[in-house]
Amino acid sequence: MSGKLAGKVCVVTGGARGIGRAVVHAYAAQGAQVHAIDRFADEIEAVAAGARASGHTVTAWPLDLQDDGAVEATFRRIEQQAGRIDVLVNNAAIIFFKAIEDTSIAEWDQLIAINLRGPFLCSRAVAPGMKARKSGAIINVSSKAGVQGGNDETAYCASKFGIEGFSRALSIEMQPYNVSVNTITPGHPVHTAMSETTYAPEMRKIWIDPAEIAPAFVHLALQTASGINDRYIKAWDLAQDLANGVVS
Ligand SMILES: NC(=O)c1ccc[n+]([C@@H]2O[C@H](COP(=O)([O-])OP(=O)(O)OC[C@H]3O[C@@H](n4cnc5c(N)ncnc54)[C@H](O)[C@@H]3O)[C@@H](O)[C@H]2O)c1
């Protein structure tokens, strides 16, 4: 298999839809062995089957990231099968818009469990192997909501500001082991299942297919601690720079 990611073992969470699905296909097209996780078993199996029909190497792992025991077991099985994990993309997330008094404790806990505790569990599972091999890349999908507040978004903003803090601390911890840790935000409206429920009409006029920002995820997967590291990356800007040869 040739390509920028040939020989790399990559895990992508939330791979059944939207940005995650685009990243699964982009990584596979660049020669990676991709392990795609999602809570929707039929959809993630279909994504993997479609990729395999194109000659790519994608394995589907149906998994709810809220189930900490299942997360641990799944990553152990992936490592046993593949021998190692080189790249982790913590992409899966949910969103809702509610005033704080209308947000139930169960809704708050579920969103934080998926958007923040999930990346912690997945990163905790891959970190020992990456540290031992002194190589790897962890990409945490953030949002504009990770750097500025939004109305009726206390839970989502808390999770995305949380992923920013988590990433800054993890990048310091992983730096001596040559592992890069970055956050990434689309940086341009993208058409996904999530944005179908969140975007205003004017944003729907300019939304793009997530495949257009996927090259930025490929580039971050190639980074070491001395490359792009400990940064909040706008995927659209980086994809444009790559397309224009500003970054190579
Ligand atoms: N779409 C946007 O405009 C936008 C903007 C900024 C940031 N983001 C971020 O980008 C990422 C992807 O968003 P998207 O728009 O592609 O969303 P999406 O809803 O289209 O896809 C998210 C995927 O995550 C999966 N998922 C959710 N909960 C899960 C769980 N408990 N276990 C396993 N899988 C689970 C879903 O099944 C789905 O396949 C998210 O982190 C989101 O916060 C999106």
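Attention here is on the structure that accompanies the text. (Residues numbered from 1 in each chain as written. Predicted model: local features only at pLDDT ≥ 70, side-chain atom pairs only at ≥ 80, totals over all residues.)

All right, on to the packing of helix α1 (residues 18-29) against helix α8 (residues 214-221) then. The contact between α1 and α8 brings their axes to 9 Å, and the two run at 60°. The angle between the axes of α1 and α8 places the two elements in the oblique class. Between α1 and α8 lies a crossing of right-handed hand. Residues A22, V23, A26 and Y27 of α1 pack against A214, P215, F217, V218 and A221 of α8. (Axes fitted to C-alpha atoms, helices over the stretch in contact; angles between N-to-C directions. Helix = DSSP H or I, 4+ residues; strand = E, 2+ residues; numbered from the N terminus. Parallel < 35°, antiparallel > 145°, perpendicular 65-115°, else oblique. Left-handed = near helix turned anticlockwise from the far one by under 90°. Contact = placed C-beta atoms within 7 Å.)

G14, G18, A93, T192 and M194 are the nearest of the 28 residues found near the ligand. Counting residues per element, the ones that place at least two in the shell around the ligand are α1 and α6 (193-198). Within the shell around the ligand, the residues separate by chemical class into 14 nonpolar, ten polar and four charged. (Near = placed C-beta within 6 Å. Nonpolar A, V, L, I, M, F, W, Y, C, P; charged D, E, K, R; others polar.)

Take the sheet that holds strand β6 (residues 179-185) next. The strand order across the open sheet built from seven strands is β3-β2-β1-β4-β5-β6-β7, with neighbouring strands paired in parallel fashion. Every other strand in the sheet has two partners, leaving β3 (57-62) and β7 (232-234) as the edge strands with one partner each. Put simply, the sheet's adjacent strands are angled 20° from each other on average, direction ignored. Here β6 pairs with β7 via three bridges, running parallel. What sits directly across from T183, in β7, is Y232. Here α1 sits on the sheet in contact with β1 (9-13), β2 (33-38), β3, β4 (87-90) and β5 (136-141), set at roughly 170° to β1. Seen against the sheet, helix α9 (residues 235-243) touches β6 and β7 and runs at an angle of roughly 65° to β7. (Pairing = 2+ DSSP bridges.)

Counting residues in each nonpolar core, the largest one holds 70 residues, and the members touching the most others are Y27, A36 and F217. Of the residues forming this core, the biggest block, nine residues, is contributed by helix α4 (residues 105-133). In this structure, A36 is in contact with V12, G15, V24, I44, V47, A48, V58, A60 and W61, ignoring residues within four places of it in sequence. (Core = buried A, V, L, I, M, F, W, Y, C linked by C-beta atoms within 7 Å. Buried ≥ 20, exposed ≤ 12 C-beta atoms within 10 Å, placed from the backbone.)

This part is about helix α5 (residues 154-174). Between its first and last C-alpha, α5 extends 29 Å over 21 residues, near the 30 Å set by a 1.5 Å rise per residue. Along α5, the positions that sit buried rather than exposed are A155, Y156, S159, K160, I163, F166, S167, L170, S171 and M174. Take α5 and look down its axis: the buried residues cluster within an arc of 135°, on one side only. What points out from α5, more than 90 degrees from its buried face, is the exposed set G165, A169 and I172. Against α4, β5 and β6 lie the buried residues of α5. (Expected span 1.5 Å × (residues − 1). Arc of directions from axis to C-beta.)

Any functional reading would require information that these geometric values do not contain.
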